[in-house]
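# A look at the structure
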Amino acid sequence: MWAELLPIGRGTTAPTGTGGYHRFAWTSAELECRAWFLSEAGKRGLEIEQDRNGNLFAWWNPTGNSRDHAAGAGADPTTGGAVLTGSHLDSVPGGGAFDGPLGVVSALAAIDLMRARGVRPVRPLGVAVFAEEEGARFGVACLGSRLLSGAIDPERARGLRDADGISFGEALARDDGGWATGSALASGVLDPEGIGADEELLSRIGCFVELHVEQGRAMDVPVGVASAIWPHGRWRFDFAGQGNHAGTTRLGDRRDPMLPFAHTVLEARAAAERHDSLATVGKVAVVPGGVNAIPSRVTAWLDARGPNDQAVRQTVEEIGHAAAQAAKVHGVTAGLSEESYTAVVAFNTTLRDRLVDVIGNAGSGRPPVLPTGAGHDAGILSAHLPTAMLFVRNPTGVSHAPEEYAEPEDCLAGVEALAAVLQDLACDESPGQAHDG
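Rules and cut-offs
- For every chain, the first residue of the written sequence is number 1, and numbering continues from 1 along that sequence.
- Note on the predicted model: pLDDT of at least 70 is required for a residue's local features to be given, and 80 or more for side-chain atom pairs to be given and counted; whole-chain, interface and lining totals, by contrast, use all residues.
- Side-chain metrics rest on all non-hydrogen atoms present in the structure, leaving aside hydrogens and water.
- A run of DSSP states H or I qualifies as a helix once it reaches four residues; a run of E qualifies as a strand once it reaches two. Both are numbered from the N-terminal end.
- For the exposure calls, accessible area comes from a 1.4 Å probe over protein chains only, and a residue counts as buried if that area is under 20% of its type's maximum, exposed if over 50%, partly exposed in between.
- In this description, contact between two residues means that some pair of their heavy atoms is separated by no more than 4.5 Å.
- Under the convention used here, a 1.4 Å probe and the Shrake-Rupley method define accessible areas, while residue burial counts only the protein chains that appear.
- Multiplying one less than the number of residues by 1.5 Å gives the expected span of a helix.
- Residues enter a nonpolar core if they are buried and are Ala, Val, Leu, Ile, Met, Phe, Trp, Tyr or Cys, with the set joined through side-chain atoms within 4.5 Å.
- Between the rings of Phe, Tyr and Trp (Trp by its six-membered ring), a pair exists once the centres lie within 6.5 Å; its type follows the angle of the planes, with under 30 degrees stacked, over 60 edge-to-face, and the other angles tilted.
- Definition used: whenever NZ (Lys) or CZ (Arg) falls within 6 Å of the ring centre and also within 35 degrees of the ring normal, the charge is taken to sit over that ring.
- Note on scores: pLDDT gives the predictor's confidence for each residue, bounded by 0 and 100.
- Strand pairing is assigned whenever DSSP detects at least two bridges linking the two strands.
- In the sections that follow, a salt bridge refers to a side-chain nitrogen of Lys or Arg positioned within 4 Å of a carboxyl oxygen of Asp or Glu.

Secondary structure summary: the protein contains 13 helices and 15 strands in total. Scored against the burial criterion, the 437 residues of the protein give a buried share of 54%. Taking the contacts inside the protein whose residues are at least 6 apart along the sequence as the reference set, 76% of them involve residues at least 24 apart. Total accessible area computed for the protein in this model is approximately 17,400 Å², and 51% of it derives from carbon and sulfur atoms.

All right, on to helix 3 (residues 101-116) then. For helix 3, built from 16 residues, the straight-helix expectation of 22 Å at 1.5 Å per residue is met to within 8% by its first-to-last C-alpha distance of 23 Å. Those residues of helix 3 lying buried are Pro-101, Leu-102, Gly-103, Val-104, Val-105, Ser-106, Ala-107, Leu-108, Ala-110, Ile-111 and Met-114. Gly-118, located one to two residues past helix 3, shows a positive phi value of around 80°.

This part covers the nonpolar core. Grouped together as the largest cluster of nonpolar side chains are 53 residues, with contacts concentrated most on Phe-37, Leu-355, Leu-390 and Leu-418. Per-element tally for this core: the top contributor is helix 13 (residues 408-426), with nine residues. Residues Phe-57, Leu-84, Ala-378 and Met-389 belong to the second largest nonpolar core, which totals 22 residues.

Following the criterion strictly, the structure yields nine aromatic pairs and no others. Pairing Trp-26 with Phe-168 gives two aromatic rings, centres 5.7 Å apart and planes at 80°, and the pair type is edge-to-face. Placement of Trp-26 in the loop between helix 1 (2-5) and helix 2 (28-43) and of Phe-168 in helix 6 (residues 168-173) is noted, with a sequence separation of 142 residues between them. Centroid distance Phe-130 to Phe-208: 5.7 Å. Interplanar angle 80°. Geometry classified as edge-to-face. Here the residue Phe-130 occupies a position in strand 4 (residues 125-130), and Phe-208 occupies one in strand 5 (residues 205-213), the gap between them amounting to 78 residues. When its relative accessible area of 1% is taken as the criterion, Phe-130 is described as buried. Among the aromatic residues, those joined into a cluster by ring pairs are Phe-57, Trp-59, Phe-130 and Phe-208. Across from the ring centre of Trp-60, 4.8 Å away, lies the NZ or CZ of Arg-115, which sits over that ring.

Along the chain, the position of Asn-292 falls in the loop between strand 9 (278-287) and strand 10 (293-294). The residues touching Asn-292, leaving out its near neighbours within four places in the chain, are Asn-244, His-245 and Ala-246.

The predicted model of the protein has a mean per-residue pLDDT of 90, with 89% of residues at 70 or higher. With pLDDT under 50 throughout, residues 71-78 is counted as low confidence; its partners more than four residues away or in other chains account for 16 contacts. Scored below 50 in pLDDT, residues 177-182 shows 13 contacts in the model against residues more than four places distant or in partner chains.

Our next topic: the pairing of strand 1 (residues 47-50). Two faces, one strand: in a regular strand the side chains alternate between the faces of the sheet. Two elements, strand 1 and strand 2 (residues 56-60), share four bridges in a ladder whose sense is antiparallel. Within the sheet, the bridge partner assigned to Gln-50 lies in strand 2 and is Leu-56.

Applying the stated criterion across every chain yields a total of 24 salt bridges. Between Glu-273 and Arg-269 there is a salt bridge whose closest N-O contact spans 3.1 Å. Within this pair, Glu-273 and its partner Arg-269 are both found in helix 9 (residues 258-274), separated by four residues, close to a single helical turn. With a relative accessible area of 55%, Glu-273 lands in the exposed category. Through salt bridges that share partners, Glu-40, Lys-43, Arg-44 and Asp-112 make up one connected network.

Laid out in structure tokens, this is it:
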């Protein structure tokens, strides 16, 4: 499976030219990945479902139809419903091979392993592929799970636009041919007016366990368990000045938005150091973008994260204040808007501890429990149902870049751990009975 998925969306033809992956949501590479997933699910006889937001689900339910196994009308969904795993298949520009796909491939491999061992779940077991997790195309991370859970307004989501001006709603309605399967699911075609929260689908899910490559270098064993996700968000800065000729406009006559932008980038680093947080400006758009032209507008995106909400908020507040002051000095207007924010997520402790015990009892030793600064669909869904995460060791410590890596032996250990966890949960009538995450 890994060998089949590996070439899709990779190479120097990507706009980044890094040789990494370029699998933006609802583009040819990501749709080809969706077609691959549907093919693999079909080979296993799994029941395929696409929700109204473009998230894909492949269900294994030996006891009947997955739609018939809800938690029960009005009942606490943490005491019933399906066991869900999976991740995403889209990437950041120039990203690595493991972020997202490892969780999907491992989930399918875990089902194979369970079947080979004669396991027969008493609860439906699903593999999810969430849409636009990275937010690389439309700017809002975990967009599929946010829509599913009602964490983002559908009208706002429909209006999100990519770098080419294509709205999210327009992308959903496009017919891209089914990508090798002839399937409307693989083409991604959806009704833009139908997107939004799906309480019926959520009510069928009892818990969600996401396996993911480690995005750092904090583990010295193959598999770990997440304790929490740091608060994190994205903000947009808009600096508007006056375009002019670079060779004839005196320095004193300029209203150059690049200058307050440059000051903002430096202040982001300084503010992050003051508050023991992280702040990154990784994307910028300059208009008109000519070498011999003073820009008329600079738009930049800030990613900020930290150990607590106060640290993140204070970091962004100080960066915004510095940007406004620098803009004033240079005769430029500055605007700051929040595009997304996720508060600190403490994963369900009952489910987390259960994962630790199951993996430890499987013979590979008790896994470490550690927090992460990276956002995930598991974090978004945690407000609605018990969620947990497994990490597979990354010896390079690099993520969102081609050097992202996990040793094959560690990946196989991740499959073993995930299979043990899924077997424990799906063969039990009531996983994650306490919802305290």
